[in-house]
Amino acid sequence: MRIYHLGGRLFESVTHLLTWGRVDRFKSELVEKLGVRPGDRVLDWGCGTGAGARKVLPLMNGRGEIHGVEIAPNMLKLAVARSQPSPDLKFSYTLRNGFDLTLAEPADVALAWHTLGVLPGDLSARGVEEIWMNLRSGGRVLVTDMYLPETKTRWGAIRKSVARFVARNFYHQNFGGSVLPNLERYFETVEILHRPNLMAYAFLGRRRDEPLEALRTS
Ligand SMILES: C[S@@+](CC[C@H](N)C(=O)[O-])C[C@H]1O[C@@H](n2cnc3c(N)ncnc32)[C@H](O)[C@@H]1O
């Protein structure tokens, strides 16, 4: 059973309990590095309950656009309920599969937080391409995902097995390892950060301005 269909509040509570809020603090730290500016158009791919907006809005100074796409209605409901638009701040949350997306205007910044790694099979490559296609030239991207860090202690190995079981069965995390290599094909790396205690990494990058065909085969 995917936790995403059970309700946004349940997803948030369980995730907070499992990580003691540290994933949330990691995201705050990352957004500072991303350098979101007032007036930016922000794409939040797989926006869930709107974590992206919560983190970037303090940096936008009441100006800009948030475009969230999300496939699970119970997650998106909460994002919509929490949005507070104003004349200079537009929210556009869409219930849809994130593929075949065409924003009216390309985004300045894209977020995909713990989303590409939950896509089945090879779809993460398509997800990366989707983000690339909806970003402006030179646009910035911030992706977070899970990985399985090396462990040296018995306790570390047990903890990792339990976390992997929960992530696979409740969050549909696939640990396929293809997200990062695909990101590196479509985006120049600005920084990659690893947090082994959260089994999470973050990729900060800038859109490569090469033809799509060249990126696909690079
Ligand atoms: C682990 S949650 C992360 C949610 C949010 N980004 C956050 O940081 O809290 C992954 C989200 O990706 C969404 N998702 C999965 N596949 C999707 C797809 N094909 N298109 C859009 N959203 C998708 C799920 O429904 C879920 O809300």
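Residues numbered from 1 in each chain as written. Predicted model: local features only at pLDDT ≥ 70, side-chain atom pairs only at ≥ 80, totals over all residues. Heavy atoms only, no water.

Draft legend 1. Structural view of a nonpolar patch on the surface. Together, Trp-155, Ile-158 and Val-162 make up a nonpolar patch on the protein surface, roughly 340 Å² of accessible area in all. By secondary structure assignment, the location of Trp-155 is in helix H6 (residues 154–171). Residue classification places Trp-155 among the exposed positions, given a relative accessible area of 60%. (Patch = residues over 30% accessible without salt bridge, like charges linked within 9 Å, V, L, I, M, F, W, Y side chains within 5 Å. Areas by Shrake-Rupley, 256 points an atom, 1.4 Å probe, with all protein chains shown as cover. Salt bridge = Lys/Arg side-chain N within 4 Å of Asp/Glu carboxyl O. Helix = DSSP H or I, 4+ residues; strand = E, 2+ residues; numbered from the N terminus. Buried < 20%, exposed > 50% of the residue type's maximum accessible area, 1.4 Å probe, protein only.)

Draft legend 2. Summary view of the site of the ligand. In the neighbourhood of the ligand, 20 residues make up the surrounding shell, with Lys-27, Gly-46, Glu-70, Gly-98 and Trp-113 lying closest. At a separation of 2.8 Å, a nitrogen atom of the ligand approaches a polar backbone atom of Gly-46. Bound to the protein, the ligand loses 95% of the 590 Å² it would expose on its own. Grouping the constituent residues of the shell around the ligand by class yields 11 nonpolar, 6 polar and 3 charged. (Near = heavy atom within 4 Å. Polar contact = N/O pair within 3.5 Å; in protein donor to acceptor, adjacent residues only side chain to side chain. Nonpolar A, V, L, I, M, F, W, Y, C, P; charged D, E, K, R; others polar.)

Draft legend 3. Quick peek at the layout of surface pockets. Taken as a whole, the largest pocket encloses approximately 1,300 Å³ of empty space. Around the largest pocket, the lining comprises 50 residues; the ones closest to its centre are Tyr-4, Phe-11, Thr-15, His-114 and Tyr-171. Where the lining of the largest pocket is concerned, the elements lending two or more residues are helix H1 (8–19), helix H2 (22–34), strand S1 (41–45), helix H3 (51–60), strand S2 (64–70) and H6. For the lining of the largest pocket, a count of residues per class yields 25 nonpolar, 15 polar and 10 charged. (1 Å grid on protein atoms, 1.4 Å probe; cavity = no way out; pocket = protein on both sides within 12 Å on 5 of 7 lines; lining within 4 Å. Points joined across faces, edges and corners; volume = space filled by probe spheres on them.)

Draft legend 4. Looking closely at the packing of aromatic side chains. Counted under the stated rule, the structure contains 7 aromatic pairs. Where Tyr-4 meets Phe-11, the ring centres are 5.9 Å apart and the plane angle is 55 degrees; that geometry is what we call tilted. On the basis of relative accessibility, which here comes to 18%, the residue Phe-11 falls in the buried class. For the pair Tyr-4 and Tyr-171, a centre-to-centre distance of 6.3 Å together with 70 degrees between the ring planes defines the contact as edge-to-face. Of this pair, Tyr-4 sits in the segment before H1 while Tyr-171 sits in helix H6, and the two are 167 residues apart along the sequence. Note on Tyr-171: relative accessible area 13%, which makes it buried. One aromatic cluster in this structure is built from Tyr-4, Phe-11 and Tyr-171. Its end group placed over the ring of Phe-99, Arg-126 keeps NZ or CZ at 4.4 Å from the ring centre. (Phe/Tyr/Trp six-rings, centres within 6.5 Å; stacked < 30°, edge-to-face > 60°. Lys NZ or Arg CZ within 6 Å of the ring centre and 35° of its normal.)

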